[in-house]
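Reading the structure
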Amino acid sequence: MSSLLTIFISAVLVNNFLLYYFLGICSFIGVSSKMESSFGMGMATTFVMTMTAMITWPLYHYLISPETGLNLPFLEYVIFILVIAALVQFVEMFLKKFFHSLYKALGIYLPLITTNCAILGMALFIVIRDYNYLESIVFGFGAGLGFTMVIVIMAGIREEYAYSPVPAVFRGAPLALLTAGMLALSFMGFSGMIAP
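All figures in this text were calculated on a predicted structure; none of them were measured in a lab. Going along each chain's sequence as written, the residues are numbered from 1 onward. Restriction of local features to residues with pLDDT of at least 70 applies here, the model being predicted, together with a cutoff of 80 or more for giving and counting side-chain atom pairs; totals for whole chains, interfaces and linings are based on all residues. Where side-chain values are given, they derive from all heavy atoms of the structure, hydrogens and water being excluded.

This paragraph deals with the nonpolar core. A general feature of soluble globular proteins is that nonpolar side chains tend to end up buried together. Counting residues in hydrophobic clusters, the biggest one holds 46 residues, and the most contacted among them are Phe17, Val48, Leu110, Ile113, Met122 and Phe139. Within the residue set of this core, elements represented by two or more residues are α1 (2-14), α2 (25-31), α3 (35-64), α4 (76-98), α5 (100-106), α6 (117-128), α7 (133-161) and α8 (173-187). If one sorts the elements of this core by residue count, α7 sits on top with seven residues. Definition used in this section: a nonpolar core is a set of buried Ala, Val, Leu, Ile, Met, Phe, Trp, Tyr and Cys residues joined via side-chain atoms within 4.5 Å. Relative accessibility decides the category of a residue: with a 1.4 Å probe and only protein chains considered, values under 20% of the type maximum give buried, values over 50% give exposed, and everything between is partly exposed. Of all hydrophobic cores here, the second largest spans six residues; its members include Tyr60, Ile64, Phe80 and Leu124. Helix and strand labels come from DSSP, where a helix needs a run of H or I of at least four residues and a strand needs a run of E of at least two; each type is numbered from the N terminus.

Before going further, it helps to spend a moment on unusual backbone geometry. One non-glycine residue, phenylalanine 22, lies in the positive phi region at around 55 degrees. In this structure, phenylalanine 22 sits in the loop between α1 and α2. You can call phenylalanine 22 exposed: its relative accessible area is 51%. Look at asparagine 71: it is not a glycine, yet its phi comes out positive at around 60 degrees. Locating asparagine 71 in the fold gives a position in the loop between α3 and α4. Classification of asparagine 71 as partly exposed rests on a relative accessible area of 44%.

What follows deals with α6. Expected span, for any helix, means 1.5 Å times one less than how many residues it has. End to end, α6 covers 16 Å across twelve residues, agreeing with the expected 16 Å (1.5 Å per residue, within 8%). Those residues of α6 that sit buried are Ala118, Ile119, Gly121, Met122, Ala123, Leu124, Phe125 and Ile126. Buried-residue contacts for α6 involve α3, α4 and α7. The term polar contact refers here to a pair of N or O atoms within 3.5 Å; inside protein, the definition further demands a hydrogen-donor-capable atom paired with an acceptor-capable atom, and it admits residues adjacent in sequence only when both atoms are side-chain atoms. Its side-chain oxygen at 3.0 Å from the backbone nitrogen of alanine 118, asparagine 116 defines the N-terminal cap of α6. At the C-terminal side of α6, aspartate 130 shows a positive phi close to 55 degrees. Contact criterion: two residues are considered in contact whenever any of their non-hydrogen atoms come within 4.5 Å of each other.

Before going further, it helps to examine the side chain of threonine 45. By secondary structure assignment, the location of threonine 45 is in helix α3. By relative accessible area, which is 0% here, threonine 45 ends up buried. Threonine 45 has contacts with Ile113, Asn116, Ile119 and Phe147, leaving out every residue within four places of it along the chain.

A separate point is the environment of tyrosine 62. Within the element layout of this structure, tyrosine 62 appears in helix α3. A sequence separation of 25 residues divides tyrosine 62 from serine 37, and the C-alpha atoms of the two residues are 37 Å apart. With residues near it in sequence (within four places) discarded, tyrosine 62 still touches Trp57, Gly69 and Leu70.

Aromatic ring pairs: the centre-centre distance and the angle between the two ring planes describe each pair. Note on aromatic pairs: the rings of Phe, Tyr and Trp (six-membered ring only in Trp) are paired at centre separations within 6.5 Å, and the planes decide the class, stacked below 30 degrees, edge-to-face beyond 60, tilted for the rest. All chains considered together, the criterion is met by 13 aromatic pairs. Here tryptophan 57 and tyrosine 62 contribute two aromatic rings whose centre-to-centre distance is 6.3 Å and whose plane-to-plane angle is 85 degrees, an arrangement assigned as edge-to-face. Assessed through its relative accessible area of 15%, tryptophan 57 is described here as buried. Residue classification places tyrosine 62 among the exposed residues on the basis of a relative accessible area of 59%. Geometrically, the ring pair formed by phenylalanine 94 and phenylalanine 98 is tilted, given 5.0 Å between the ring centres and 50 degrees between the ring planes. Taken as a pair, phenylalanine 94 and phenylalanine 98 lie in helix α4 at a separation of four residues, close to a single helical turn. Phenylalanine 98 sits in the exposed class, given a relative accessible area of 52%.

Read these as geometric descriptors, not functional statements.
This is the structure we're talking about:
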């Protein structure tokens, strides 16, 4: 049980995908200007990360792995990307049908979850770290919650900047990148808790 808690805390705080590995930065900077769209993107990413962990672990161990599967390691990236793309299509159809305003707010960034390197990185970390099935699910869910937490914090800060007297030279991307850097520095305070 403590191993699962360690994996979860590590994925959420200590080794956050956005602030420690800098994976998923494109959607982080692109969507984090409004709280509603940031939370929606975070929840969609959490769902896709969790489901990706649930699906890719058995695919790796029973199909791809040289030890237990059919020895098809050359298909690892292809299979993982196909799983992620299928899950994103499912999320996109669901949001379009039931949450149309959120679907419109996310716009082009929703299909870009398919190419979100944080999700592919999470699937590859599961293989590299040799997690079991339950550890993989906890890791995927924790990574998604960490992504959501950071993108919502960033959106809150950026919404406050909209009402602040910011010099023209810092408006837009420069201020967003400086804020992301300061968030990364603040999350470094958790770095001694758990080894990567």
